[in-house]
Amino acid sequence: VSFDNLDLSDNDAVMPNLTNYALEDDLTADNSVFSATGMSGAFNAFNTDGFHFSPVIPYGYYSAKTGPALQNTDISATVIMDVNPDQSSSQYAGLVCRSSREGMYMAVIGVDGTYSIYRDTPVKPFTLLAEKRSDAILGGEKTANALRLVCGGDTIEFYINGQLVESLTDSRYLLNYGRAGITTKAGGEPSEDTIIFSDLSIEEIGD
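Here the residue numbers are simple positions, counted from 1 along each chain's written sequence. Predicted model: local features are reported for residues with pLDDT of at least 70 only, side-chain atom pairs are reported and counted for 80 or more only, and whole-chain, interface and lining totals are derived from all residues. As a rule here, side-chain values come from all non-hydrogen atoms in the structure, and water together with hydrogens is ignored.

**Topic: the pairing of strand S10 (residues 140–152)**
For step 1, the next point in the chain: Relative to S10, strand S5 (residues 73–83) runs antiparallel, the two being bridged by ten bridges. Each bridged residue has a counterpart across the sheet, and for isoleucine 75 the counterpart in S10 is leucine 149.
For step 2, the next point in the chain: Where S10 and strand S11 (residues 155–160) come together, six bridges link them in antiparallel fashion. If you follow glycine 152 over to S11, its bridge partner there is threonine 155.
For step 3, the next point in the chain: Once S10 ends, the chain turns through two residues before running back antiparallel as S11, passing glycine 153 with a positive phi of about 60 degrees. Two strands form a pair only when DSSP identifies at least two bridges running between them. The numbering of helices and of strands both runs from the N terminus, where a helix is a DSSP run of H or I of at least 4 residues and a strand a run of E of at least 2.

Shown next, in the form of structure tokens:
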């Protein structure tokens, strides 16, 4: 095999200009961020105070994801719900990252003033990775708490009202890619106004 007159050159001009994915939505109006398909299992309505989103079935779970499948993401949203450390309840609300058929990570705050981080996979559903009571969670009726979940490499970081409350590493089931979004678990008496989300932000982390 012989080659003649081989010419190699850097042709950056024809390469696409790739930018990191980013989404900002205050969730006060339906901008088609979440697909309406499959929402029958949850109360869902956009209002001036945000996205009212809670499972219809008592103690049921529900999540809504958006955007493309991403590896490293920075997700944030504000959650409005009752928080009472003296109340025993399994109701919670929070954020998810790397959601796919292989599973997802979930970081949530509960009505009892605790936070939890789960790895949810078909093999090991709702595996608890961290759970603590935290003073970073503001208590009261219809209280707003700003949540942020950063999923980068094998590190999961969870912030509540600007305070880093948990940083852990996990790579057991190789949950490397997936969509981001919000998640809820209903209490014993779910209603359409139980949990409200606003100011959703999803930013891809990368070079």
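**Details of the side chain of threonine 143**
For step 1, the next point in the chain: Mapped onto the elements of the fold, threonine 143 is located in strand S10.
For step 2, the next point in the chain: Here a polar contact is taken to be a pair of N or O atoms separated by no more than 3.5 Å, where protein atoms must pair a possible hydrogen donor with a possible acceptor and residues adjacent in sequence count only if both atoms sit in side chains. A polar atom in the side chain of threonine 143 sits 2.9 Å from the backbone oxygen of glycine 140.
For step 3, the next point in the chain: In this analysis, two residues are considered to be in contact whenever any of their non-hydrogen atoms come within 4.5 Å of each other. Each residue touching threonine 143, except ones within four places of it in the same chain, is listed here: Val79, Ile80, Met81 and Leu138.

**Side note on the confidence of the model for the protein**
For step 1, the next point in the chain: Along the chain, pLDDT gives the predictor's confidence residue by residue, from 0 to 100. Chain-level pLDDT for the protein is 91 on average; 94% of the residues reach the 70-or-more range.
For step 2, the next point in the chain: Considering each helix and strand of the protein separately, the mean pLDDT is smallest for strand S4 (residues 61–70), with a value of 93, and largest for S11, with 98.

**Some thoughts on the nonpolar core**
Proteins that are soluble and globular tend to have nonpolar side chains buried together.
For step 1, the next point in the chain: In these notes, a set of buried Ala, Val, Leu, Ile, Met, Phe, Trp, Tyr and Cys residues joined through side-chain atoms within 4.5 Å is what counts as a nonpolar core. Relative accessibility under 20% of the residue-type maximum defines a buried residue, over 50% an exposed one, and the middle range a partly exposed one, all with a 1.4 Å probe and only protein chains included. Counting residues in hydrophobic clusters, the biggest one holds 42 residues, and the most contacted among them are Phe34, Phe53, Phe158, Ile160, Ile182, Phe197 and Leu200.
For step 2, the next point in the chain: The element best represented in this core is S5, accounting for five residues.
For step 3, the next point in the chain: Setting aside anything within four residues of it in sequence, one finds phenylalanine 197 in contact with Leu27, Gly50, Phe51, Phe53, Thr78, Val79, Ala93, Gly94, Ile182, Thr183 and Thr184.
For step 4, the next point in the chain: Listed in part, the six residues of the second largest apolar core include Tyr92, Met104, Met106 and Tyr118.

**Some details on the environment of tyrosine 177**
For step 1, the next point in the chain: Along the polypeptide, tyrosine 177 turns up in the loop between strand S12 (163–169) and strand S13 (178–185).
For step 2, the next point in the chain: Considering only alpha carbons, one finds tyrosine 177 and alanine 64, 113 residues apart in sequence, at a separation of 16 Å.
For step 3, the next point in the chain: Setting aside chain neighbours within four positions, we find tyrosine 177 in contact with Leu70, Gln71, Arg98 and Ser100.

**Details of the sheet that holds strand S7 (residues 103–110)**
For step 1, the next point in the chain: Sheet architecture is open: six strands sit in the order S4-S13-S6-S7-S8-S9, paired in antiparallel fashion. The open sheet has two edge strands, S4 and strand S9 (127–133), and neither has a second partner. Direction aside, neighbouring strands of the sheet carry axes that sit 15 degrees apart on average.
For step 2, the next point in the chain: Two elements, strand S6 (residues 92–100) and S13, share six bridges in a ladder whose sense is antiparallel. Fitted lines through C-alpha atoms give the axes, limited to the stretch in contact for helices. The angle between two N-to-C directions lies from 0 to 180 degrees.

**Regarding the environment of glutamate 189**
For step 1, the next point in the chain: Position of glutamate 189 relative to the elements: it lies in the loop between S13 and strand S14 (196–204).
For step 2, the next point in the chain: On the basis of relative accessibility, which here comes to 74%, the residue glutamate 189 falls in the exposed class.
For step 3, the next point in the chain: Note: C-alpha distance between glutamate 189 and isoleucine 57 (132 residues apart in sequence) is 8.6 Å.

**With respect to the pairing of S13**
For step 1, the next point in the chain: With seven of eight residues buried, S13 lies mostly within the body of the structure.
For step 2, the next point in the chain: Here S4 runs beside S13; their pairing, made up of seven bridges, is antiparallel. Directly across from lysine 65, in S13, lies its bridge partner glycine 181.

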